[in-house]
Amino acid sequence: MSRVSEPKPKSFEISKWAVWEAYRRVKANKGGAGVDGESMAEFEQDLHGNLYKLWNRLSSGSYFPPPVRAVQIPKRDGSSRTLGVPTVADRIAQTVVRGYLEPNVEPVFHEDSYGYRPGRSPVDAVRVCRERCFRKDWVVDLDIRAFFDSVSWDLMLKAVRHHTDQKWIVLYVERWLKAPMRRPDGILAPRVKGTPQGSPISPCLANLFLHYALDAWMVREFPAVPFERFADDAVIHCVSESQARLVRDALARRLVEVGLELHPDKTRIVYCKDSNRRGDYEEVSFTFCGYTFRPRKAYNKRTGKTFTGFLPAVAPEKLTLMSRRVAGWRLHRRTTLDLEDLAAGVNLVLRGWFGYFTAFHPNAVIPLCQRIDRHLVRWARWKHKRLERSGRRAWVWLAGVRSRNPEMFVHWRYCSAPS
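Given the structure is predicted, the values throughout are model-derived calculations rather than measurements.

Draft legend 1. Layout of the sheet that holds strand E8 (residues 268-271). Reading across the sheet, the 4 strands line up as E6-E7-E3-E8 and stay open at both edges, with antiparallel pairing between neighbours. Only two strands of the sheet have a single partner each, and these edge strands are strand E6 (227-230) and E8. Neighbour-to-neighbour, the strand axes of the sheet open up by a mean angle of 20 degrees, direction not taken into account. As paired strands, strand E3 (residues 138-143) and E8 are joined by 4 bridges and run antiparallel to one another. Residue pairing in the sheet places Val140 in a bridge with Ile269 of E8. Along the sheet, helix H9 (residues 202-221) makes contact with E3, E6 and strand E7 (233-238), crossing E6 at roughly 170 degrees.

Draft legend 2. Inspection of the pairing of E3 at higher detail. Counting buried residues in E3 gives 6 out of 6 residues, a clear majority hidden from the surface. Neither face of E3 is open: one carries Trp138, Val140 and Leu142, the other Val139, Asp141 and Asp143, and all of them are buried. Bridge analysis of E3 against E7 gives 6 bridges, and the strand direction is antiparallel. When the sheet's bridge partners are listed, Leu142 is paired in E7 with Ala234.

Draft legend 3. Up close: the packing of H9 against helix H10 (residues 241-257). Look at H9 against H10: their axes get within 11 Å of each other, and the N-to-C directions meet at 140 degrees. Overall, the two elements H9 and H10 adopt an arrangement that is oblique. H10 is crossed by H9, and the crossing has right-handed handedness. Judged by residue contacts, Tyr212, Ala213, Leu214, Trp217 and Met218 of H9 engage Val247, Ala250, Leu251, Arg254 and Leu255 from H10.

Draft legend 4. View of empty space enclosed by the protein. The final tally for this structure, using the stated rule, is 2 cavities of 30 Å³ or more. The space that makes up the largest cavity amounts to roughly 70 Å³. Around the largest cavity, the lining residues are Val68, Pro86, Gln94, Trp176, Leu177, Ala179, Thr195, Pro196, Ser199, Ile201 and Leu205. Grouping the amino acids of the lining of the largest cavity by side-chain chemistry returns 8 nonpolar, 3 polar and no charged.

Draft legend 5. View of the sheet that holds strand E5 (residues 188-189). In space, the 4 strands of this open sheet follow the order E2-E1-E4-E5, with mixed pairing throughout. Two strands in the sheet have a free side with no partner beyond their single neighbour: strand E2 (80-85) and E5. The sheet contact formed by strand E1 (residues 68-74) and E2 spans 6 bridges and is antiparallel. Along E2, the bridge assignment pairs Val71 with Leu83.

Draft legend 6. Spotlight on the packing of aromatic side chains. Scanning the model with the defined rule gives 23 aromatic pairs in all. Ring centres of Tyr271 and Tyr281 lie 4.5 Å apart, and the angle between their planes is 55 degrees; on these two criteria the pair is classed as tilted. Residue Tyr271 is found in strand E8, and its partner Tyr281 is found in the loop between E8 and strand E9 (286-288); the two are separated by 10 residues along the sequence. Classification of Tyr281 by relative accessible area gives partly exposed; the value is 37%. Through successive ring pairs, a cluster of aromatic residues spans Tyr291, Tyr356, Phe357 and Phe360. Between Lys16 and the ring centre of Trp55, over which it is positioned, the NZ or CZ distance is 4.6 Å. It is Arg120 that lies over the ring of Tyr114; its NZ or CZ is 5.5 Å from the centre.

Conventions adopted
- Residues numbered from 1 in each chain as written.
- Predicted model: local features only at pLDDT ≥ 70, side-chain atom pairs only at ≥ 80, totals over all residues.
- Heavy atoms only, no water.
- Pairing = 2+ DSSP bridges.
- Helix = DSSP H or I, 4+ residues; strand = E, 2+ residues; numbered from the N terminus.
- Axes fitted to C-alpha atoms, helices over the stretch in contact; angles between N-to-C directions.
- Contact = heavy atoms within 4.5 Å.
- Buried < 20%, exposed > 50% of the residue type's maximum accessible area, 1.4 Å probe, protein only.
- Parallel < 35°, antiparallel > 145°, perpendicular 65-115°, else oblique.
- Left-handed = near helix turned anticlockwise from the far one by under 90°.
- 1 Å grid on protein atoms, 1.4 Å probe; cavity = no way out; pocket = protein on both sides within 12 Å on 5 of 7 lines; lining within 4 Å.
- Points joined across faces, edges and corners; volume = space filled by probe spheres on them.
- Nonpolar A, V, L, I, M, F, W, Y, C, P; charged D, E, K, R; others polar.
- Phe/Tyr/Trp six-rings, centres within 6.5 Å; stacked < 30°, edge-to-face > 60°.
- Lys NZ or Arg CZ within 6 Å of the ring centre and 35° of its normal.

So this is what it looks like as structure tokens:
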């Protein structure tokens, strides 16, 4: 009588539940197809089979990530940033590894590291930065040149090994770091350093690298100098211009040691000028997490007087980008929709914008509110024959809609109705 063969043990112990949970997180985050062109919907046509195959390969050590698809994202200075889009299966695999690695590194990270961490947000970083600008006169507005393209693989893997004894985690992190990138012309671009932006594992790895490259070094070398960091952007608060220069120069040398470089044009020393700070200096503003800090008029409710404070508000370039996106919706052509359906679609985006950019100095978003209303008036004139010849009549009509249903559009909460 023949014996039934026992299942061959896996090389690595990876929970099937971890793969399932990773799939759920990737699905919730949405995202486009990778180099294989497979969408989430196509992946789900054989969901259990695909997840089992992925788990089997991860557990046996035979999983090799495919190339990532390169996507160019324009930046405000006219240059572009390259994002790497992994396949759906690869995003799930990266999320599995992140789920195992993140609990080991999170307790070690610095309290003032805010980027892509559980329970922390950009608003938290801006709030702490604002409070410290009240107390410290100077900041170093830090910019690391091409951080995600410059990360040393050896140093990254050394940091990962320090925080896990699971060989499979190190194995797959190394394979992801070395995975080539497929450009839009189809050419595979080999890489010798860096970690692609846009992948689920990238934020965790970036925070881990910068913890040792910057955060822990600052605590060791300048324990009395506070800072906030969101991913590769950081603001360092100093008591004097001389201290700011000292910190900047020392940090430049430190980054060279770990294969990075301060951007010589974008790293600046800024004076936090307000009513109580005298002197004229060239640099009196900086932008952090989409908010521009600069001298602004403010009102003291206790004394009833105005004063100049060094305060954050939505950055002008962010307002411009949002305005351009609103214009790109071409609302006036959506005349097959009624106003309620139009509002439902628009509010999906506006809720995120206004929820974030009104946390500080909300009046700064009023120009964007007014621009959205102008697009709505234009829509009304295309939609309703009785309004097409009179802009004034269309504005009266919109004011009437707003008075009856002031919550219809999200942006109406943040600006008064035109008189």
